[in-house]
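# Observations on the three-dimensional arrangement
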Amino acid sequence: MTLRRPILVTGATGFVGGALVRALLEDGVPPADLRLLVRDRTRACAGGLPAPCLVEGDLGDPAALAAAARGVQLAFHLAGATTACSRAEFFRANATGTGNLVAALATHAAGCRLVHVSSLAAAGPSTGASAAPPPGAGRPCSNYGRSKLAGEREVAGAGGAMLSWIIVRPPVIYGPGDPATRLLFRSALGVIAPVPWTARALSVMHVDDVVRALRQAALAPDAELALALDGPDRLTSHELLRAVAQACGRRARLVRLPLWLIWPAAAVADGFARLRGRGSFFGRDKLRELRHGWVADPGPAHERLGFVASVTSRLGLAATARAAGLAPRRERAPS
């Protein structure tokens, strides 16, 4: 089946958004059928995005949103904040911004299919079956998760003839070129790797699997669904660091610490983030999430989308290590 066009992508300069745009272009979607909402046209062009596709603006710019949304038949919404200096900043990006986009699509693109990328954090800590409550019924434990849940409510409030929607909730996503993945690799390869005392179960997904799931969500015959995504295998938080180090031919030196001992370091990190005016991947909000397990149930996505993840953590982490030049010498391709 062919994706409906024209197609709007928000967050195209981000990790997953950029991978999605590259996949669409490689699959033969012409630039004339793509609209990419970007904050900075110069940066987007430098990153390889086709200039004719670009609409400069953000989720707080009504004129840019109207120009980007007008007449589109399919929208992938990936723009938002994964780090922030405050609760208000998370909500401005992930809730208010999503509401602005939904309003623009309802006004200028009636009947459009919206694939909204949320997070397991919106559903709240889960061990599988609890990963896919309907929008509004989640129990997030962090400000990031609360803001993503509020964004889901904005999407779910625009159903019916104006807009059909599917919400997907990916777990931990990794892959080449991702700042959070680089931090994960640095942590695993450090002289020591501090970890919370208790290991927590995690679902993890390679970015290529996430992109494939988004495309299948766009083609799904059903709408008004909130589906969790799961990778082909699961790791504990401790096993993930060990697997990262192994992909680089190293051994992770885990040092287990009680959360009360990590909390002051997280508070200091938050202080530095506020001074810089830029959120960090480590802080008290993230620490609240690290206290819990984050495991998705792959059943509903398989049943409703026909989606089954295929990139195992062993293969995905090895490919990521090669892309970063960190793979063991024997595994590197000859130059």
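Located above this text is the structure these notes cover.
Not measured: the values here are computed from a predicted model.

### Re a nonpolar patch on the surface
Together, Val268, Phe272 and Leu275 make up a nonpolar patch on the protein surface, roughly 350 Å² of accessible area in all. Within the fold, leucine 275 resides in helix H10 (residues 259-276).

### Brief notes about helix H8 (residues 207-219)
Two residues of an α-helix separated by three or four positions point the same way, owing to the 3.6 residues in each turn. Between its terminal C-alpha atoms H8 stretches 19 Å, which fits the 18 Å expected from 13 residues at 1.5 Å a residue. Turning to H8, its buried residues are Val207, Asp209, Val210, Val211, Ala213, Leu214, Gln216, Ala217 and Ala218.

### Examining the side chain of histidine 206
Mapped onto the elements of the fold, histidine 206 is located in strand S10 (residues 201-206). A distance of 3.0 Å separates a polar side-chain atom of histidine 206 from the backbone nitrogen of aspartate 208. Those residues within four positions of histidine 206 in sequence are excluded, and the remaining contacts are Tyr174, Gly175, Pro176, Val311, Gly316 and Thr320.

### Some words on the nonpolar core
If you look at the biggest cluster of nonpolar residues, it comprises 42 residues, and the most contacted ones within it are Ile7, Val9, Leu36, Phe76 and Leu214. Sequence-distant contacts of isoleucine 7, that is, excluding residues within four places in its chain, are made with Leu24, Val29, Asp33, Leu34, Arg35, Leu74 and Phe76. If you look at the next biggest cluster of nonpolar residues, it comprises 25 residues, including Phe185, Leu202, Leu235 and Ala296.

### Describing unusual backbone geometry
It is generally the case that most residues other than glycine have a negative phi and that most peptide bonds are trans. Here the residue pair arginine 5 and proline 6 is connected by a cis peptide bond, since its omega of 0° sits within 30 degrees of zero. Within the element layout of this structure, proline 6 appears in the segment before strand S1 (7-10). Despite not being glycine, glutamate 224 has its phi angle at roughly 55°, a positive value. Relative to the helices and strands, glutamate 224 is located in the loop between H8 and strand S11 (225-228).

### Topic: helix H6 (residues 143-156)
For H6, built from 14 residues, the straight-helix expectation of 20 Å at 1.5 Å per residue is met to within 8% by its first-to-last C-alpha distance of 20 Å. Most of H6 is tucked away, with ten of its 14 residues classed as buried. Where H6 is concerned, the buried positions are Asn143, Tyr144, Gly145, Ser147, Lys148, Leu149, Ala150, Gly151, Glu152 and Val155. Its buried side turned inward, H6 meets helix H4 (87-108), strand S5 (112-117), helix H5 (120-123), strand S7 (163-169) and helix H11 (284-290).

### Some points on the pattern of salt bridges
For the structure on display, the rule yields nine salt bridges. The salt bridge involving aspartate 270 is made with arginine 284; its shortest N-O contact spans 2.7 Å. Placement of aspartate 270 in helix H10 and of arginine 284 in helix H11 is noted, with a sequence separation of 14 residues between them. In this structure aspartate 270 comes out as buried when scored by relative accessible area, which is 18%. Salt-bridge contacts for lysine 286 lead to glutamate 289; the nearest nitrogen and oxygen are separated by 2.9 Å. Highlighted residues: lysine 286 and glutamate 289, both in helix H11, separated by three residues, approximately one helical turn. Lysine 286 gets classed as partly exposed once you look at its relative accessible area, which sits at 31%.

### Considering the pairing of S10
Counting buried residues along S10, five of its six residues qualify, which places the element largely inside the surrounding structure. When strand S8 (residues 172-174) meets S10, the two strands line up parallel, connected through three bridges. The partner of valine 172 across the bridge, within S10, is valine 204. Note: S10 against strand S12 (residues 234-236), three bridges, orientation antiparallel. Bridge pairing in S12 places leucine 202 opposite leucine 235.

Parameters and conventions
- Residues numbered from 1 in each chain as written.
- Predicted model: local features only at pLDDT ≥ 70, side-chain atom pairs only at ≥ 80, totals over all residues.
- Heavy atoms only, no water.
- Patch = residues over 30% accessible without salt bridge, like charges linked within 9 Å, V, L, I, M, F, W, Y side chains within 5 Å.
- Areas by Shrake-Rupley, 256 points an atom, 1.4 Å probe, with all protein chains shown as cover.
- Salt bridge = Lys/Arg side-chain N within 4 Å of Asp/Glu carboxyl O.
- Helix = DSSP H or I, 4+ residues; strand = E, 2+ residues; numbered from the N terminus.
- Expected span 1.5 Å × (residues − 1).
- Buried < 20%, exposed > 50% of the residue type's maximum accessible area, 1.4 Å probe, protein only.
- Polar contact = N/O pair within 3.5 Å; in protein donor to acceptor, adjacent residues only side chain to side chain.
- Contact = heavy atoms within 4.5 Å.
- Core = buried A, V, L, I, M, F, W, Y, C linked by side-chain atoms within 4.5 Å.
- Pairing = 2+ DSSP bridges.

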